[in-house]
Amino acid sequence: MLFIEKLDQPSCADFPPLFEPLESRVMLTTAHPSVTDVTPKNGATNVARNIFIACDVHLVGSGLGVDPRFLKGNVTLTQTSNNKSVAGDVNTSGGGDTIVFTPSAILASNTKYTFKVTTSVKDDGGNSFNAFTSTFTTGTAGGTVNSKIAFDKVSLPSPTGHNFTAVVVGPDHRLYVGDQGGDIFRYDINANGTLTNMLSIQTLKSHNGGSRTLIGMAFDPASTKTNPILWVSNGVPSNNATGAADWTGKISKLSGANLQNYQDEVTGLPRSFQDHQTEQMSFGPDGALYISQGSMTAMGAPDAAWGNRTEHLLSAAILRLDTKKLGTTPLNVKTKEGGGTYNPFAATAPLTIYADGVRNSYDLVWTHDGFLFSSTNGSAKGGNTPAGKAPFSGTRIDQATKGPYTGPAVPALTNVPAQSDYLYNIVKGGYYGHPNPLRGEYVENGGNPTAGVDKGEVAQYPVGTKPDRNYRGFAWDLGKFESPDGAIEYKGNAFGGALNGSLMIAQYSGGDNIVVLSRSGSKITGAVENYTGLTGYNDPLDLAEDLTTGNIYVAEWGGQRITLLRPHVTTPAPAVAKATAAQSVFSTKPTGDSLASQVL
């Protein structure tokens, strides 16, 4: 993914979107940007009816990304036989490195479709794309869904012109919604789930002299109805021409009845050239705050698309903040490579590295049974991986031996193909596939250990390249171009408890939907992407559940709205009085109550 922000519309360089299913790009010196690959492949048959179309792109030297303003109407899908247009949502990623078209409804079975990108599509340097056309034919799969599980969508009033990034239900049973510029909106929740009495909270902006990119919001376990305590992750907005200033990530705390009190708790966190930064947070069962910190690169080594920045000691990781160890704040955690002094491996360090190699996770979910899950946006094609030599001579401490960390020797790779979006079961000390030389981690995902197909393999490595010694693999492969972002564990008795304990993840890009992952403990047992009510969004980014009702609130970044999802309740059929031998149910004089009075 993920988080982008190209603020201050409508200038070409600063127009959104925001998140990415992938991000790295190959900069070519061709005359025009172009589509280089498409999924489904041109000419593919028996394609699932619930697919989306995703394109890899090559950009010319002056263009840093696809300009989303030129996509609508210029990226189309039609039925080949009659040229009938297919309604859908078209967008790019936070890095502007792909084009994705998601149909609004399931496609017809056994039907040929034509996908087109016209020359009216441009990059943000003003360069027109080469025209591109491909075709595919559907089969019959992908059209069925469990009709017993469905949500009713309810439109809600919301402030216009805001790209919403975070949503959470507070300890006062109010809904709090954050946006990309740092605004926070608070709503009272009515009995039917609708919202009223909006309050605009400007505390974050007023204490930072203007806009801050707000991504994460988490209420402190010590919060009360009258004194909510909200932790907020935030960073400086990026500028497409010069990138974002590094080391500007922060975690701030807002408190008071209207969140009017403000304190920066942690400063000096890494900030990538583009959209990766300090993202969402979750309080764990131990009371500590767990934080997703994005990577600085596409695949571990510097590249031009990411400002040639290097990974930092705290980047591409799940961080753990022991709030009880915080003394005088703010705590500056800038590490040695940036000119700072903070050491996350010190015994008394409040902020530590909980898990490594988590490239760019937008959200974290602690489940009721104690598992930590995180979905990560995989890189686009074109990234570089670092070369590694064993033993590693850095400062990282091996969790097992408590001595210097040693990883396998591995060659560097360049222009690596796109990687999948993975869901991880995060455990302390685990490595999850994104290299970071400062921590002695050099192997992308699962390496290439055997001549066969290996889990999470990167086929460009020589056969025999083993994964990092702490590589833990993934719990589920979500595929490419999806951009899985905000996530919750669904709780409650809706649908007879059928979804209780399942993970629900908003897929910003390819799916424009909410995928439901069933699980047994740490094992994911299945995935459904087309439950009624969970499809057809405009760049859904975050989710929150009201545990008192089972209602879900969806923050749609592209749609600039909040959508309410209510579990659908089927009205029982009318009860009918039993007929006797001498009387039918069509009698004008039924026994007991009239049929009309029996309708529930």
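Right above here is the structure, for reference.
I will try to describe carefully the structure that is included in this document. Quick caveat: nothing in here was measured; it's all calculated off a predicted structure.

This part is about the overall build of the protein. Along its length, the protein carries one helix and 36 strands. Taken over 600 residues, the protein has a buried fraction of 58%.

With respect to the helices, strands and loops of the structure, Asp172 is situated in the loop between strand 11 (164-169) and strand 12 (174-179). Looking at Asp172, its side chain comes within polar contact range of the side chain of Tyr176, at 2.6 Å. Ignoring any residue separated from it by four or fewer positions in sequence, one finds Asp172 in contact with Arg186 and Lys225.

Next up on the list: the layout of surface pockets. Considered as a void within the structure, the largest pocket measures approximately 900 Å³ in volume. Forming the walls of the largest pocket are 31 residues, and the residues nearest its centre are Val168, Val169, Ser282, Lys491 and Leu547. Secondary structure elements with two or more residues in the lining of the largest pocket: strand 11, strand 15 (213-219), strand 19 (278-283), strand 24 (365-366), strand 30 (484-489) and strand 34 (540-546). It is strand 34 that provides the largest number of residues to the lining of the largest pocket, a total of five residues. Taken together, the residues that form the lining of the largest pocket break down as 19 nonpolar, five polar and seven charged.

We now examine the sheet that holds strand 10 (residues 151-155). The antiparallel open sheet is built from four strands, whose spatial order is 10-36-35-34. Every other strand in the sheet has two partners, leaving strand 10 and strand 34 as the edge strands with one partner each. Strand after strand, the sheet turns through a mean of 25° between neighbouring axes, direction not considered. Pairing between strand 34 and strand 35 (residues 551-556): six bridges, direction antiparallel. In the sheet register, Pro540 faces strand 35, and the bridge partner there is Glu556.

It is worth spelling out the nonpolar core at this point. Ranked by size, the top nonpolar core spans 25 residues in total, and within it Ile53, Val75, Leu77, Ile99, Phe115, Val117 and Phe136 carry the most contacts. Of all the secondary structure elements, the ones that give two or more residues to this core are strand 2 (34-39), strand 3 (44-47), strand 4 (53-60), strand 5 (75-79), strand 7 (98-103), strand 8 (112-117) and strand 9 (132-138). If one sorts the elements of this core by residue count, strand 4 sits on top with four residues. Residues in contact with Phe136, not counting those within four places in the same chain, are Pro40, Lys41, Ala44, Val47, Ile51, Ile53, Leu77, Leu107, Thr111, Lys112 and Tyr113. Met281, Ile291, Ala349 and Leu351 belong to the second largest nonpolar core, which has 21 residues in total.

A word on unusual backbone geometry. Cis peptide bonds are those with omega within 30 degrees of zero, and the linkage from Thr39 to Pro40 qualifies with 5°. Inspection of the secondary structure puts Pro40 in the loop between strand 2 and strand 3. The linkage connecting Thr329 with the following residue, Pro330, adopts the cis geometry, with an omega of 10°. The topology assignment puts Pro330 in the loop between strand 21 (317-321) and strand 22 (331-332). Backbone geometry places Asn445, a non-glycine residue, at a positive phi of 45°. Relative to the helices and strands, Asn445 is located in the loop between strand 28 (422-426) and strand 29 (476-477). On the basis of relative accessibility, which here comes to 4%, the residue Asn445 falls in the buried class.

Rules and cut-offs
- Residues numbered from 1 in each chain as written.
- Predicted model: local features only at pLDDT ≥ 70, side-chain atom pairs only at ≥ 80, totals over all residues.
- Heavy atoms only, no water.
- Helix = DSSP H or I, 4+ residues; strand = E, 2+ residues; numbered from the N terminus.
- Buried < 20%, exposed > 50% of the residue type's maximum accessible area, 1.4 Å probe, protein only.
- Polar contact = N/O pair within 3.5 Å; in protein donor to acceptor, adjacent residues only side chain to side chain.
- Contact = heavy atoms within 4.5 Å.
- 1 Å grid on protein atoms, 1.4 Å probe; cavity = no way out; pocket = protein on both sides within 12 Å on 5 of 7 lines; lining within 4 Å.
- Points joined across faces, edges and corners; volume = space filled by probe spheres on them.
- Nonpolar A, V, L, I, M, F, W, Y, C, P; charged D, E, K, R; others polar.
- Pairing = 2+ DSSP bridges.
- Axes fitted to C-alpha atoms, helices over the stretch in contact; angles between N-to-C directions.
- Core = buried A, V, L, I, M, F, W, Y, C linked by side-chain atoms within 4.5 Å.

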